[in-house]
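# A look at the structure
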Amino acid sequence: MNRTLDKLRRRGPGLALVASALLVAAGLTAPAALAADDYTQSVTQVSSTQVQINFTPTTPALYVDVHYTGVPGLGQQNLRMTNGSGTWRTTVGGLSTGNVLDYWFTYEKSGPQYDTPHFSYTVGGGSTTVAAPTFSPPGGTYSSAQTVTISSATAGATIRYTVDGSTPTASSTLYSGPISVPNSRTVNAIALKSGSTTSPVSSATYTIGTQAGCPTQSDTPNFGSNVRIFDPSMSAATIQAQLDTDFNNQKDTLTAQFAERRVAHLFKPGTYNNVHDNVGFYTSVAGLGQNPGDVLINGDVTVDAFNASDNGVALQNFWRSAENMAVNPSGGNERWAVAQAAPFRRMDVRGGLQLYPASYGYASGGYIADTKVAGQAASVSQQQWYTRDSALGSWNGGVWNMVFSGTSGAPATTFPNPPETTLATTPVSRDVPYLYVDGTGKYRVFLPSLRTNASGPSWANGSTPGSSVPMSQFYVVKSGDTAASINNALAAGCNLFFTPGIYHLNQTLNVTKANTTILGIGYPTLVPDNGVNAMQVSDVDGVRLKGLLFDAGTTNSQALLTVGQSGSSASHASNPTTVQDVFFRIGGQLAGKATNSLVVNSADTIIDHIWAWRADHGNSGTVGWTTNTADTGLVVNGANVLATGLFVEHYQKYQVIWNGQGGRTIFFQNEMPYDVPNQASWNAPSGVAGYAAYKVASNVTSHEAWGLGSYCFFDTNPAVSSYHAFEVPNTSGVRFHSLLTVSLNYRGTITHVINDTGGVTPSGTVPVNVVSYP
């Protein structure tokens, strides 16, 4: 029993209530916290029948549960507390003078969870204290003035407040209705009621106007030597010579895949004849028009199995992109034979689109969004693919897992034969920010609007709805910039435009202001040094991250990118943070180490196309079970987070952990780690064999996912197995559609697909399919 309980405590959110119930059933006492100063707790009597239980952890917690007895007519209650500015609170009613509450807490601290000793409180044993005021919206950074409501849970209480940072008293301004906060300030408030003790002071700091402080930048900036800008007035021969030079430097899978060269090809509005851009590693190709049709390539933008060493397959055609242009393919069909981290966005293909190599060899998965293909889009040998908010003439092919949302011309759902899953719309989407040139020759960044229940390209009716921001509000990050100079720009209120290059960071990049846009081209690569976390985004509205590669440093980072602070609870439904074409790499280039790649604490975040990859190959000395160490690719703690296009591979524990309520995933592609040395080193805390690829926490009651595949290739030790690929609570609100598992070349097995459902993976690289669960 003790060993079982210890496992439950270490597993994280959602098992607190189970552990506590087992303790009570066994007649055991919960262990004490780590230290006496680990937290403070108190009870405030807010009326004759209600008390407020308060818990403030010294280290911010992902969750705090309270357990209590002593309410007449009720047995033991186990509740998740509500976080407000770092203090977790629960109101308990139905009490009378003399009732004795027995209560204790379960709380998370830096991963593990702990139980406190029991405490008691006698109702009516002291004076009643008025409940502390709360603010709506909460303090934070906002792009415009806010209207703030202040309230107290104590009926009949009055509120006094200040806006100059001073401590409010009984003679401060009386709150009589919502107040305007037109500029940055701190609001302090107290609640009072005759015959009761005045509440503690509550504070909320509002920062208004995210870009006002940015020092003016150039609207025609120098983008540095790695950005090629082409103009229709240039000769086709001149353009082609530069494209060919870059391609020859970037094409070779053996030598360029983990090199440090980065490049972007940008085409100004106009028509380009006889241009053929073969796209190699770390190359972004993009049009500089406001809409795709503003740049027309009469020629090709091509990815293929270019090298003899590729042996006709495109399984390693990573890290390259095409965006925001029209292509009239020279042979009638565009070829884009890619694997992961190779987005094809905002493209107008005036012909067909072939997603497989000319050799018909395998490619291992990709992503299309906001695109129109006049002819047929053919996957043929692509193993898995996701297409969002697009229009296709037709679709052909599919190996294991083809997923569509909001795409006209997509096939109907026929999973598993053929293996195609289609949603009529995408629940929430927002196209990526992108660079363009206006009619005066100045550079701007366009910010597309949020879409709900979207279908078809955002530009289908002429122009993408949204707004644009001049480059005068962007700091252009180039060679020579440091973490300090980048943080100074962020602190001053600037957006960031990362040019192609490698950026070593000796401090965390802190994104604290709402509506900050961070846009990269040419796969700018952020490498945290000395174990720092690479980037932290505050729990604010409307941050947009696009086109970045996080490459773990050789000293372990706890996380490469974190969105929102631990315990974040504010709603961002009307203006979420978006993480788009953001990729994570552990090993391959360096012997990288990071416990987690992406941690999402902010509610309503949209994760739109990520590839989190613990490398299975790379430069000598950068790959191995004890070399490039990484536990988990994605951890979601925020509520109502949506993932569209989720690629996570080879992590050493759970690939994805989803703790937040209301989560949704459309398309998930996964491979378990290749290099597990033996079964004993890879058993989950629950005791089952192996770690699930996608774990939904046991306390989650609402979650839905469509089109998911997980594959094993336990090449180091084929005797290894995983009990299941998907581990989820058995409840009606948790629903999965179109799932499969595959044992690649029969190297190891997966016993079940989801929980105990689905058979063991057979030989022959044959999928095991589950149409729906439960």
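Residues numbered from 1 in each chain as written. Predicted model: local features only at pLDDT ≥ 70, side-chain atom pairs only at ≥ 80, totals over all residues. Heavy atoms only, no water.

The next thing to look at is the overall build of the protein chain. Across its full length, the protein chain holds 4 helices and 59 strands. Here the C-alpha radius of gyration of the protein chain, 27 Å, is about what a compact globule of 774 residues would show, namely 28 Å. Scored against the burial criterion, the 774 residues of the protein chain give a buried share of 58%. Considering only contacts in the protein chain between residues 6 or more positions apart, those separated by 24 or more positions represent 64%. Carbon and sulfur atoms provide 49% of the accessible area of the protein chain, an area that totals close to 26100 Å². Separation between the mean location of the 39 positive side-chain charges and that of the 44 negative ones in the protein chain comes to 5 Å. (Helix = DSSP H or I, 4+ residues; strand = E, 2+ residues; numbered from the N terminus. Rg over C-alpha atoms; globule rule 2.2 N^0.38 Å. Buried < 20%, exposed > 50% of the residue type's maximum accessible area, 1.4 Å probe, protein only. Contact = heavy atoms within 4.5 Å. Areas by Shrake-Rupley, 256 points an atom, 1.4 Å probe, with all protein chains shown as cover. Lys, Arg positive; Asp, Glu negative; His and termini not counted. Charge placed at Lys NZ, Arg CZ, Asp CG, Glu CD.)

This part takes up the side chain of Thr106. The topology assignment puts Thr106 in strand 7 (residues 100-108). There is a polar contact of 2.8 Å between the side chain of Thr106 and the side chain of His67. (Polar contact = N/O pair within 3.5 Å; in protein donor to acceptor, adjacent residues only side chain to side chain.)

The next subject is the pairing of strand 51 (residues 642-649). When a strand is regular, its side chains alternate between the sheet's two faces. The buried count for strand 51 comes to 8 of 8 residues, which makes it a mostly enclosed element. Pairing of strand 49 (residues 606-614) with strand 51, which is carried by 7 bridges, proceeds in the parallel orientation. In the strand pairing of strand 51, Ile606 is matched with Leu642. Summarising the sheet, strand 51 and strand 53 (residues 663-671) pair through 7 bridges and their orientation is parallel. Directly across from Val648, in strand 53, lies its bridge partner Asn670. (Pairing = 2+ DSSP bridges.)

Another aspect to go through is the nonpolar core. Counting residues in hydrophobic clusters, the biggest one holds 80 residues, and the most contacted among them are Met535, Leu561, Tyr694 and Phe736. When near neighbours in sequence (up to four residues on either side) are disregarded, Leu561 contacts Met535, Val537, Leu545, Phe550, Val579, Val582, Phe584, Ser597, Leu598 and Val599. In terms of nonpolar packing, the next biggest core, distinct from the first, is built from 32 residues, Val285, Ala342, Met347 and Leu355 among them. (Core = buried A, V, L, I, M, F, W, Y, C linked by side-chain atoms within 4.5 Å.)

With an omega of 0°, the peptide bond between Ser136 and Pro137 qualifies as cis. Relative to the helices and strands, Pro137 resides in the loop between strand 10 (134-136) and strand 11 (140-142). With an omega dihedral of 10°, the bond running from Phe415 to Pro416 counts as a cis peptide bond. Here Pro416 lies in the loop between strand 31 (401-405) and strand 32 (420-423). One non-glycine residue, Arg346, adopts positive backbone phi at about 50°. Within the secondary structure, Arg346 is located in strand 25 (residues 344-349). Arg346 gets classed as buried once you look at its relative accessible area, which sits at 0%.

Structurally, the position occupied by Thr154 is in the loop between strand 12 (146-151) and strand 13 (158-162). Side-chain polar atoms of Thr154 contact the backbone nitrogen of Ala131, separated by 2.8 Å.

Before going further, it helps to examine the state of the cysteines. Per the stated rule, a full pass over the model turns up 1 disulfide. Each disulfide pairs two cysteine sulfurs, and for Cys214 the partner residue is Cys494, the sulfurs being separated by 2.1 Å. Taking the torsion about the S-S bond as the criterion, the Cys214 to Cys494 disulfide, at about 90°, is right-handed. Taken together, the residues Cys214 in the loop between strand 17 (202-208) and strand 18 (227-230) and Cys494 in the loop between helix 4 (483-491) and strand 39 (495-498) connect sequence positions 280 residues apart. For Cys214, a relative accessible area of 10% puts it in the buried group. Since its relative accessible area comes to 2%, Cys494 is described here as buried. (Disulfide = S-S within 2.5 Å.)

So, on to helix 4. Three or more residues of helix 4 are buried, namely Ala483, Ile486, Asn487, Ala489 and Leu490. Around the axis of helix 4, the buried residues are gathered within 155° of arc, so they sit on the same side. Facing away from the buried side of helix 4 by over 90 degrees, the exposed positions are Asn488 and Ala491. Buried residues along helix 4 sit against strand 38 (474-477), strand 39, strand 40 (502-505), strand 41 (509-511) and strand 42 (517-520). Directly beyond the C-terminal end of helix 4, a positive phi value near 95° is found at Gly493. (Arc of directions from axis to C-beta.)

Using the criterion set out here, one finds 21 salt bridges in the structure. Linking Asp581 and Arg345 is a salt bridge whose minimum nitrogen-to-oxygen distance equals 2.7 Å. Of this pair, Asp581 sits in strand 47 (residues 578-586) while Arg345 sits in strand 25, and the two are 236 residues apart along the sequence. The partner of Lys695 in a salt bridge is Glu727, and the shortest N-O contact between them spans 2.9 Å. Residue Lys695 is found in strand 54 (residues 694-696), and its partner Glu727 is found in strand 56 (residues 721-727); the two are separated by 32 residues along the sequence. Exposure remark for Glu727: the relative accessible area of 12% places this residue in the buried category. (Salt bridge = Lys/Arg side-chain N within 4 Å of Asp/Glu carboxyl O.)

Turning next to the sheet that holds strand 41. Reading across the sheet, the 9 strands line up as 41-44-46-48-50-52-54-56-58 and stay open at both edges, with parallel pairing between neighbours. At either margin of the open sheet sits one strand with a lone partner, and together these are strand 41 and strand 58 (749-754). When the angles between neighbouring strand axes are averaged without regard to direction, this sheet yields 25°. (Axes fitted to C-alpha atoms, helices over the stretch in contact; angles between N-to-C directions.)

All right, on to helix 3 (residues 236-250) then. In this model helix 3 runs 21 Å from its N-terminal to its C-terminal C-alpha over 15 residues, within 8% of the 21 Å that 1.5 Å per residue would give. Buried residues of helix 3: Ile239, Gln240, Leu243, Asp246, Phe247 and Gln250, and no others. The arc enclosing the buried residues of helix 3, seen along the axis, measures out at 130°, which places them on a common side. For helix 3, the elements touching its buried residues are strand 18, strand 19 (263-267), strand 20 (270-278) and strand 21 (283-287). (Expected span 1.5 Å × (residues − 1).)

Two pairing modes exist for strands in a sheet, parallel and antiparallel, and in both the strands are linked by backbone hydrogen bonds. Overall, antiparallel pairing links the 3 strands, which are arranged 10-12-15 in an open sheet. One side of each edge strand has no neighbouring strand; the edge strands of this open sheet are strand 10 and strand 15 (179-181). Pairwise comparison of adjacent strand axes, ignoring direction, gives a mean angle of 35° for this sheet.

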